[in-house]
Amino acid sequence: MHCYSKKTILLLALLLGGQSAVAGVLPDDRTDFLYHRYEGGGVLIDGPSVLVRKKVGKSVSFVGNYYVDSVSSASIDVVTTASPYSEERKQHSLGMDYLRGNTTMTLGYTSSVESDFDATTYSIGISQDMFGDLTTLSLSYAYGDDIVGRSDDPLFERENTRQHYGVGLTQILTRNLITSLNFETITDEGFLNNPYRSVRYLDSSTPIGYSFEPELYPGTRTTNAIGLRARYYLPWRAALQTEYRFFDDTWDIRSHTAAISYTHPWRDFTFEVKYRWHDQTGAHFFSDLFDRAEATTFRGRDKELSPLTSQTVKMSAAYEFLDDGWSFLDRGSVTLAVDLLHVDYHDFRDIRGSEPPGTELLYQLDAYVFQLFFSFWY
Amino acid sequence: MRQAWRMDMNTSKFSRMLLAMAVLASLSACSGIEPWVKPYERDRLADPIMFLDGDPVSTAYIQHVFEAREGARGGEGAAGGGCGCN
């Protein structure tokens, strides 16, 4: 089980069911072939993602997605407490949009399977155009059900359930400015920690001065996020986008995320640069080094729950071809995108050295994210 | 105790937001608000460079990466667009 699946099945279900939530207009028919690759911190994850969307009649649009993560992990968590591993996650999604007047209803289903983790999510949404199509209001709900296993224990089986509530408002403010406001609440209940991960605690009986014991997370989590985006059309045919998100949860993680991007078309090319900044506090039960075994009721050492600051720079270039169409195709494009991600952990130490416990250097992560995708409209 | 209080707050906040949205939706049905950006003035918003989520596969993937590397999730707008000008 790798950390991607549990957190993101819901997102994909909502994207597939909800990305078409442009009420009053069904999404364009298109097919995308994406190759993705994440490499950093001893982890390599790559694979394809294929999306096909097609209208049937004037009121219904279907969408399907097939996505694979091939994982090879020797991350700092793995090399310090376990053994490197490889695995594969396959995910299938189906969605449908039904348009009636200015209202679009969406249904979505996503299934993700890996050797020790199964996740299923169902989603439903509705969007309504208002005020002469200047405003779009959308509501969404999703229910997720996960089964967590252990590769070394066939009898180990735990369950999680997850519910998602979303409200979105997209608003045209001027002929050059469009904005969107999104609020999402997600509740989790069940076995929320990673069954393989450990926390460390001071132990003077060992030569290195510390030992490990299994993580133990609370059985519930509720998160709230509110995000605002604004995209502005510049006079020389370019676009500037700003984004901000505030996040807060019952584990005491609170974060601010901001981003700015610039999109510039030139002939058949479209270039984009983006800078993203994220800063968060840590979970109340997170500690890099506990004072003793079973020191607190709940305990975790997942570095993503540590206080941290991340910065990302993105560069992408897209090239459009088949402008005049070919056969049944209207047009196509190929896009190359690279994200450079740097994370500073403020309370997660690199324990691969031999320093005394608690004095090790704070860990830093550098990763690159590569995407190459072809898109065809028809 | 604190978690229970926060969950109550969350439920309450969400209910209030739903109510506000319902009021807004009902207003749209009976109001005579004139669109201040006319349909023929939306050519710039219809330009593909103005789409909030022009590439859904790529958007889903990169949000997936950030959710895996950070402790936060949601609020980034799975639903995009909305200008009704495609």
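So, here's what we can say about the structure. The model shown is predicted, which means the values in this text are computed figures rather than measured ones.

About the criteria used
Residues numbered from 1 in each chain as written. Chains lettered and ligands numbered in written order. Predicted model: local features only at pLDDT ≥ 70, side-chain atom pairs only at ≥ 80, totals over all residues. Heavy atoms only, no water. Helix = DSSP H or I, 4+ residues; strand = E, 2+ residues; numbered from the N terminus. Buried < 20%, exposed > 50% of the residue type's maximum accessible area, 1.4 Å probe, protein only. Polar contact = N/O pair within 3.5 Å; in protein donor to acceptor, adjacent residues only side chain to side chain. Expected span 1.5 Å × (residues − 1). Core = buried A, V, L, I, M, F, W, Y, C linked by side-chain atoms within 4.5 Å. Contact = heavy atoms within 4.5 Å. Phe/Tyr/Trp six-rings, centres within 6.5 Å; stacked < 30°, edge-to-face > 60°. Lys NZ or Arg CZ within 6 Å of the ring centre and 35° of its normal.

## Topic: the environment of Y35(A)
Residues and elements named next belong to chain A. Residue position: Y35 is located in strand β1 (residues 30-40). Note on Y35: relative accessible area 30%, which makes it partly exposed. Along the sequence, Y35 and K303 sit 268 residues apart, while their C-alpha atoms lie 27 Å from each other. Separated by 2.9 Å, the side chains of Y35 and D46 make a polar contact.

## Some words on helix α2 (residues 56-69) of chain B
Taking 1.5 Å as the rise per residue, α2(B) with 14 residues should run 20 Å; its terminal C-alpha atoms sit 20 Å apart, in good agreement. With 14 of its 14 residues buried, α2(B) lies for the most part within the structure.

## Points about the nonpolar core
Proteins that are soluble and globular tend to have nonpolar side chains buried together. Core analysis: the biggest nonpolar cluster contains 35 residues, and Y38(A), W251(A), A283(A), L305(A), Y345(A) and Y61(B) have the highest contact counts within it. Broken down by secondary-structure element, the contributors of at least two residues to this core are β1, β2 (43-56), β3 (60-73), β17 (331-349) and β18 (362-377) of chain A together with α2 of chain B. If sequence neighbours within four positions are ignored, A283(A) has contacts with W251(A), I253(A) and L305(A). Among the nonpolar cores identified, the runner-up in size contains nine residues, and L134(A), A239(A), L45(B) and M50(B) belong to it.

## A short note on the packing of aromatic side chains
Residues and elements named next belong to chain A. One pass over the full model with this rule turns up 18 aromatic pairs over all chains. Between Y35 and F370 the ring centres are 6.3 Å apart and the planes differ by 65°, which places this aromatic pair in the edge-to-face class. Residue Y35 is found in strand β1, and its partner F370 is found in strand β18; the two are separated by 335 residues along the sequence. What makes F370 partly exposed here is its relative accessible area of 24%. Residues Y141 and Y165 carry aromatic rings whose centres are separated by 5.4 Å and whose planes lie at 50° to one another, so their mutual orientation is tilted. Here Y165 lies in strand β8 (residues 153-174) and Y141 lies in strand β7 (residues 135-150), a separation of 24 residues in the sequence. On the accessibility criterion, Y165 (25% relative accessible area) is partly exposed. An aromatic cluster is built from F33, W266, F269, F271, Y319, F321 and F376, whose rings are joined through pairwise contacts. Lying across the ring of W377, R331 places its NZ or CZ 3.9 Å from the centre.

By themselves these figures say nothing about function.
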